[in-house]
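Single-letter residue listing:
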Amino acid sequence: MIKKIFFVFLPLLLIGCASTGGISDFYKSNYSDNELPSECYLKEGEEPEVYYSSNISDDINLLKSNYYQILGYSTFNGPAQGEDLTQNVKNMCKLKKAQIGLYNYEYTDTRNGWTQYGSYSIKRYDYTVILFVSLPILYIQNQRSGFEVIDLNQNSRMALQRNTGAVIDVVYNKSNAFYANVIRNDVLIEINGTPIGCADDYYNFIRNYSGSTFLLKVIRNGQLININY
C-alpha cells in the first residue's frame, strides 16, 4: 500500500526557483509540454499529492488502475536528501504540473575521503521519482475493454512454455473487466475470436472494434479460462 507522506514546507530557493534536489536534471518526459488536455494537469493554485512507495511497481499499477498516467520520471544516484526530499518532489510536480508524485530511494554505498578541511563520509542512494497526471475523460469513456496489456517477457515465455499472448498489466477500477474478474497478470491469448500474439495485436483489435461486448480467452495459473462481459 502507498504510505502518504505529509508535506514539510521549507523555504527552498535555488536561483529564484524552488529546488528539485537534482530531480529535474535527470527527468525524462513521456509527453511534450501541454500535449495532454488541460484537464489532465495540476491546476493553478492546487497542491500535488506526494507519496513514498516501498513497492514502486505495485503502486504504479495501483495509480494506473485508478486512471492516472505516467507524465515522466527521474532516476539518479546522489547523497541523502533527508527531509528535503518530499518537498523537492512536490516542487517537481508543480514545475511539470503533475497531480501526483511517487518516489522511492534505496541505499547504495558510502563514500569516504579527505579534503583540506578534514575527512568526509557521504551516504548515497538510488532515487526513483515518477510523476502522474489523470487520464483524459474521453480516453476513460473509450475504455470499453477495461484493461491494458504488455508483451510477454522472456521469463513469462519460459513459465508458460509459449511465445504468444499478451500480459494483462492494468485492469481499470469499476470497469466492466473489473467486475468480470479480469485480473492483472492474466495472459490474453484471444479476444472475440481474434488470436493475440503480442500487445500490438490487442491494440489493433481495440482500435478497429466498435462493439461493447467481449469474449476473452486467458491463461491463469496454467489454466485456460473464458471470460465474457
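Up top is the structure these notes are about.
Reading the values: the criteria
- Residues numbered from 1 in each chain as written.
- Predicted model: local features only at pLDDT ≥ 70, side-chain atom pairs only at ≥ 80, totals over all residues.
- Heavy atoms only, no water.
- Helix = DSSP H or I, 4+ residues; strand = E, 2+ residues; numbered from the N terminus.
- Salt bridge = Lys/Arg side-chain N within 4 Å of Asp/Glu carboxyl O.
- Buried < 20%, exposed > 50% of the residue type's maximum accessible area, 1.4 Å probe, protein only.
- Phe/Tyr/Trp six-rings, centres within 6.5 Å; stacked < 30°, edge-to-face > 60°.
- Lys NZ or Arg CZ within 6 Å of the ring centre and 35° of its normal.

Draft legend 1. Spotlight on the environment of Tyr51. Its location among the elements puts Tyr51 in strand β5 (residues 49-52). For the pair Tyr51 and Asn104, spaced 53 residues apart in sequence, the C-alpha to C-alpha distance is 8.9 Å.

Draft legend 2. How the structure looks around the pattern of salt bridges. What the rule picks out here adds up to 6 salt bridges. For the salt bridge of Asp186 with Arg220, the shortest nitrogen-to-oxygen distance reads 2.7 Å. Residue Asp186 is located in the loop between α5 (176-179) and β11 (187-191), and its partner Arg220 is located in strand β13 (residues 215-220); the two are separated by 34 residues in the primary sequence. Owing to a relative accessible area of 2%, Asp186 belongs among the buried residues under this scheme. Glu190 serves as the salt-bridge partner of Lys217, at 3.9 Å between the closest nitrogen and oxygen. A residue pair is termed long-range when its members are at least 10 positions apart, and Lys217 in strand β13 and Glu190 in strand β11 qualify at 27 residues.

Draft legend 3. Quick look at the packing of aromatic side chains. Applying the stated criterion across every chain yields a total of 15 aromatic pairs. Note on Tyr52 and Tyr105: the rings are 5.6 Å apart at their centroids and 55 degrees apart in plane angle, and the pair reads as tilted. Pair noted here: Tyr52 is in strand β5 and Tyr105 is in strand β7 (residues 100-115), with a separation of 53 residues, a long-range link. The exposure class assigned to Tyr52 is partly exposed, which follows from its relative accessible area of 22%. On the accessibility criterion, Tyr105 (36% relative accessible area) is partly exposed. Relative to Tyr172, the ring of Tyr67 has its centre 4.9 Å away and its plane inclined at 15 degrees; by these criteria the two rings are stacked. You can see Tyr67 sitting in the loop between α1 (56-65) and β6 (68-79) and its partner Tyr172 sitting in the loop between β10 (166-171) and α5, a full 105 residues away along the chain. Look at Tyr172 and you get buried, because its relative accessible area is 6%. Ring pairing ties together the aromatic residues Phe26, Tyr52, Phe76, Tyr103, Tyr105, Tyr107, Tyr125 and Tyr127, which thus form one cluster. Lying across the ring of Tyr41, Lys97 places its NZ or CZ 5.2 Å from the centre.

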